[in-house]
Structure formats: structure tokens, C-alpha cells
Amino acid sequence: MKRNISIVLAGMLVVALGGCQGKKQKQEDVVTLPTITWLTETEHDFGTYHERDTVAFDFVYRNEGPGDFVIERLEGTCGCTRAHHSRQSVAPGQNDTIHVTYDGNGFTPGYFIKGVNIYAAGKLVDRLQIKGVYEPQEEPQAE
């Protein structure tokens, strides 16, 4: 009986030590995400404008990390939202801009809220948000 308990305890010790080694290895594999600071807000309100107008805003950030910051991709939450950047690496301490446009022409007028996801180093780094209200443009009256 004592022998069985000793075997079980020894097995538990081996499993516990193996689990600790796995955790240590995972900590070493952690990827440090780039560090950026926003010089503008990450949410922009366009207010109210006419449906056929396209609106845009430039979000500005600074690379606060120890290495170059490279945006791998920008994803808008719908086809009406587009985002562009320089596609160059941004050195530590340097600023860059993400230009976001919204074209709601042909969509139902009213309140909208859209996002742009920013990916770098294989991870979602941050999310920008735009919102506003667009009103139908009045058609010219025939005389």
C-alpha cells in the first residue's frame, strides 16, 4: 500500500515539475507588442454631413518602442471604411499617420460607427473608431 502511494506521489511530482517547465518555456516565447502613443484621439466624430460626401480623418501616433514599428495591415469593419498608412517602418520616437476615410454613399442615411483594426507583429495592436450622422442629400426640385 505504501509503495502504491509512493509511486502515485512520485508521478504527481514529475507531472508538476513538467508543468512548471512548460510555463517557463511559454514565458520565453512571449512576443512583445509594439508600443505606440496616440497624438490624436483614437475615436473621431465627424458630426452631421450630407450622404454623398466622403469624410476623412488623420490619426497620428508616435512609436515609443525600442525598435521600428511596422503596420502589417489595417482592416476596416466594412467596405465603406478605408485606412491607409505609409507602409514604411517608423523608427523609435518618430510619428506617422493613419488616414481613414468613410464613404456612406448608397447606404442607409443615419448614425454610423465603424472601426479600423491595426495589426503589427502578427497581433492586433489597437483599434481606431469613427462615427457620425449622415443625412440624405436633398434632390433638386424640378420647376
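Residues numbered from 1 in each chain as written. Predicted model: local features only at pLDDT ≥ 70, side-chain atom pairs only at ≥ 80, totals over all residues. Heavy atoms only, no water.

1. So, the sheet that holds strand β8 (residues 123–135)
No. 1: The four strands are arranged β2-β8-β7-β4 in an open sheet whose pairing can be described as mixed. Looking along the sheet, the strands with just one partner apiece sit at the ends: β2 (43–50) and β4 (73–76). Neighbour-to-neighbour, the strand axes of the sheet open up by a mean angle of 20°, direction not taken into account. (Pairing = 2+ DSSP bridges. Helix = DSSP H or I, 4+ residues; strand = E, 2+ residues; numbered from the N terminus. Axes fitted to C-alpha atoms, helices over the stretch in contact; angles between N-to-C directions.)

2. Some words on the pattern of salt bridges
No. 1: The tally for this structure, following the rule as stated, stands at three salt bridges.
No. 2: Measuring nitrogen to oxygen at the nearest pair gives 2.9 Å for the salt bridge that ties Glu 43 to Lys 131. Note that Glu 43 is positioned in strand β2 and Lys 131 in strand β8, a separation of 88 residues in sequence.
No. 3: For Glu 43, a relative accessible area of 38% corresponds to the partly exposed category. (Salt bridge = Lys/Arg side-chain N within 4 Å of Asp/Glu carboxyl O. Buried < 20%, exposed > 50% of the residue type's maximum accessible area, 1.4 Å probe, protein only.)

3. Quick notes on the packing of aromatic side chains
Centre distance and the angle of the planes are the two values used to describe a pair of aromatic rings.
No. 1: One pass over the full model with this rule turns up eight aromatic pairs.
No. 2: The interplanar angle of 80° and the centroid separation of 5.4 Å between the aromatic rings of Tyr 61 and Phe 69 together place this pair among those described as edge-to-face. Here the two residues Tyr 61 and Phe 69 agree in accessibility, since each one is buried.
No. 3: An angle of 50° between the planes, with centres 5.9 Å apart, marks the rings of Phe 112 and Tyr 134 as tilted. Placement of the pair is Phe 112 in strand β7 (residues 110–120) and Tyr 134 in strand β8, with a sequence separation of 22 residues.
No. 4: Given a relative accessible area of 4%, Phe 112 falls into the buried group.
No. 5: Put simply, the rings of Tyr 49, Tyr 102, Phe 112 and Tyr 134 pair up and form one aromatic cluster.
No. 6: The ring centre of Tyr 119 lies 3.8 Å from the NZ or CZ of Arg 73, which sits over that ring. (Phe/Tyr/Trp six-rings, centres within 6.5 Å; stacked < 30°, edge-to-face > 60°. Lys NZ or Arg CZ within 6 Å of the ring centre and 35° of its normal.)

4. A word on the confidence of the model for the protein chain
No. 1: In the predicted model, the protein chain carries a mean pLDDT of 81, and 73% of its residues have values of at least 70.
No. 2: Looking at the elements of the protein chain, mean pLDDT is at its lowest for helix α1 (residues 2–28), recorded as 47, and at its highest for strand β3 (residues 54–63), recorded as 96.
No. 3: The low-confidence segment residues 13–30, where pLDDT is below 50, has zero contacts with residues more than four positions distant or belonging to other chains. (pLDDT = per-residue confidence, 0-100. Contact = heavy atoms within 4.5 Å.)

5. A look at the pairing of β8
No. 1: Of the strand pairs in this sheet, β2 and β8 are connected by six bridges, and their pairing is parallel. Bridging across to β8, His 44 finds its partner in Ile 130.
No. 2: Strand direction decides the pairing type here: β7 and β8, joined by 11 bridges, are antiparallel. If you follow Ile 113 over to β8, its bridge partner there is Lys 131.
No. 3: Linkage of β7 to β8, two consecutive antiparallel strands, is achieved through a turn of two residues, within which Ala 121 is found at a positive phi near 55°.

6. Comments concerning the nonpolar core
No. 1: Formed by 23 residues in total, the largest nonpolar core has its most connected members in Trp 38, Tyr 61, Ile 98, Val 100, Tyr 102 and Leu 128.
No. 2: Broken down by secondary-structure element, the contributors of at least two residues to this core are β1 (36–38), β2, β3, β6 (95–103), β7 and β8.
No. 3: Examining the composition of this core, we find that four residues originate from one element, β7, more than from any other.
No. 4: Other than its neighbours up to four places away in sequence, Tyr 61 contacts Ile 36, Thr 37, Trp 38, Leu 39, Phe 69, Ile 71, Val 90, Gln 94, Asn 95, Asp 96, Thr 97 and Ile 98. (Core = buried A, V, L, I, M, F, W, Y, C linked by side-chain atoms within 4.5 Å.)

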